[in-house]
Amino acid sequence: LLHRLYLEPQHSPGSVLRLRAGWRIFFQLSISYLLNGSLKLLGVPYSGVFVTLLNVYLAERYLDMPDTASSKASIIQEWLPITSLWWRGFVVGSFFTYVMMVTYSRMMGSLYTPPLSWTLSPDGLRWVIGWFMHAIHEEMQFRGYILQCLSGFPHPTMRYSFAACLVSSVLFSFIHVLNPHITALALFNLVLLGMFFSIPIVLLSRLSPAKHTTTTSSSGMIASSLSCGFAVGLHYMWNMAQTALAIPVSGVCTTSSWRACASPQDPLVQGGSFGLEGGLAGATTITTGIVVLCTLCKWHVNR
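Residues numbered from 1 in each chain as written. Predicted model: local features only at pLDDT ≥ 70, side-chain atom pairs only at ≥ 80, totals over all residues. Heavy atoms only, no water.

**Here we look at helix α3 (residues 47-64)**
Piece 1. For α3, spanning 18 residues, the distance from its first C-alpha to its last is 24 Å, which sits close to the expected 26 Å at 1.5 Å a residue.
Piece 2. For α3, the complete set of buried residues consists of Ser 47, Gly 48, Val 49, Val 51, Thr 52, Asn 55, Val 56, Ala 59, Glu 60, Leu 63 and Asp 64.
Piece 3. For α3, the secondary structure elements touched by its buried residues are α2 (21-41), α4 (75-79) and α7 (122-150). (Helix = DSSP H or I, 4+ residues; strand = E, 2+ residues; numbered from the N terminus. Expected span 1.5 Å × (residues − 1). Buried < 20%, exposed > 50% of the residue type's maximum accessible area, 1.4 Å probe, protein only. Contact = heavy atoms within 4.5 Å.)

**A few points about a nonpolar patch on the surface**
Piece 1. Where nonpolar side chains cluster on the molecular surface, the patch consists of Phe 26, Phe 27, Ile 31, Leu 35, Leu 54, Tyr 57, Leu 58 and Tyr 62 and spans about 760 Å² of accessible area.
Piece 2. Relative to the helices and strands, Tyr 62 is located in helix α3.
Piece 3. A relative accessible area of 55% means that Tyr 62 is categorised as exposed. (Patch = residues over 30% accessible without salt bridge, like charges linked within 9 Å, V, L, I, M, F, W, Y side chains within 5 Å. Areas by Shrake-Rupley, 256 points an atom, 1.4 Å probe, with all protein chains shown as cover. Salt bridge = Lys/Arg side-chain N within 4 Å of Asp/Glu carboxyl O.)

**Details of the side chain of Ser 32**
Piece 1. Mapped onto the elements, Ser 32 comes out in helix α2.
Piece 2. Among the residues examined, Ser 32 registers a relative accessible area of 2% and is labelled buried.
Piece 3. Not counting the four nearest positions on each side in its chain, Ser 32 is found in contact with Val 51, Asn 55 and Gln 141.

**A word on the nonpolar core**
Piece 1. With 65 residues, the main nonpolar core has Trp 79, Tyr 145, Leu 193, Phe 196, Tyr 236, Trp 238 and Leu 293 as its most contacted residues.
Piece 2. The contacts of Trp 79, once residues within four sequence positions are left out, are Trp 86, Ile 136, Glu 139, Met 140, Arg 143, Gly 144, Gln 148, Ile 201, Cys 228, Ala 231 and Val 232. (Core = buried A, V, L, I, M, F, W, Y, C linked by side-chain atoms within 4.5 Å.)

**Quick look at the packing of aromatic side chains**
Piece 1. Evaluation of the coordinates by the stated rule reveals 16 aromatic pairs.
Piece 2. Ring geometry for Phe 90 and Phe 132: centres 5.5 Å apart, planes at 85 degrees, overall edge-to-face. One end of the pair, Phe 90, is in helix α5 (residues 84-107); the other, Phe 132, is in helix α7, and 42 residues separate them in sequence.
Piece 3. Residue Phe 90 is classed as buried on the basis of its relative accessible area, which comes to 9%.
Piece 4. The interplanar angle of 75 degrees and the centroid separation of 5.6 Å between the aromatic rings of Phe 142 and Phe 172 together place this pair among those described as edge-to-face. In this pair, Phe 142 sits in helix α7 while Phe 172 sits in helix α8 (residues 158-174), placing the two residues 30 residues apart along the sequence. Assigned by exposure class, Phe 142 and Phe 172 land together as buried.
Piece 5. The lysine or arginine in question, Arg 143, covers the ring of Phe 172, its NZ or CZ lying 4.5 Å from the ring centre. (Phe/Tyr/Trp six-rings, centres within 6.5 Å; stacked < 30°, edge-to-face > 60°. Lys NZ or Arg CZ within 6 Å of the ring centre and 35° of its normal.)

Here's what the structure looks like:
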């Protein structure tokens, strides 16, 4: 009974015995947030990135226990911005989200854009660098280790990938539960947002491994530098655009020197003090983004 509860079934003779994916994720997340919380209390900047790098490395080495003969690269190698393919995906993902945010702002009847001098100021650069590090940290954690860990079936299909996507997105939403001004609608929208960020990993990596994949992850899902950079670009520009538009990001008011956070007149539609992710307009924007991005990714893979 304990063997079934804690250990994965062996799919082939001689395969490595290891903990089930749920237990591996539980231990990995627990250690991650204990370390990250401790470093934040000590005032260490960008602690999330360094903790995630260390924790994913340890998890892959001691929890996943991959067969060295089949493991060609680690998740960390794919998620760090060290290849031109990664940066290509990052630029495309950032541009896609930028178009989404400009469209949203125009639909809401206002378009606030910061002056170039703010973007290049210490205050603006702080957010540019901060959100970039934050996007790498959360994407490597949720769309990197957790999503790929959950998809590590012997013969993964799109159905399993969707289930893995949904579970990782629910966990992504759950980590925001203590954010200021959180609501049930905001939590639902964050699940949608997690699904949105997962699209490049599931579609570009899974549907066309021959075109975009440089290596294979030991956790099961085929990893791709292009799709990893794409996901980070989507996440980065989602947060950065809201900061530039003076919209609270997940309940955090990113007050800048050029303009204070906007105060939406209709909280149900625009999200109130939680920001775009807390309102019906956010749900519509994210859902539209999911549909359009899925269509574009499938077209790109099949062309």
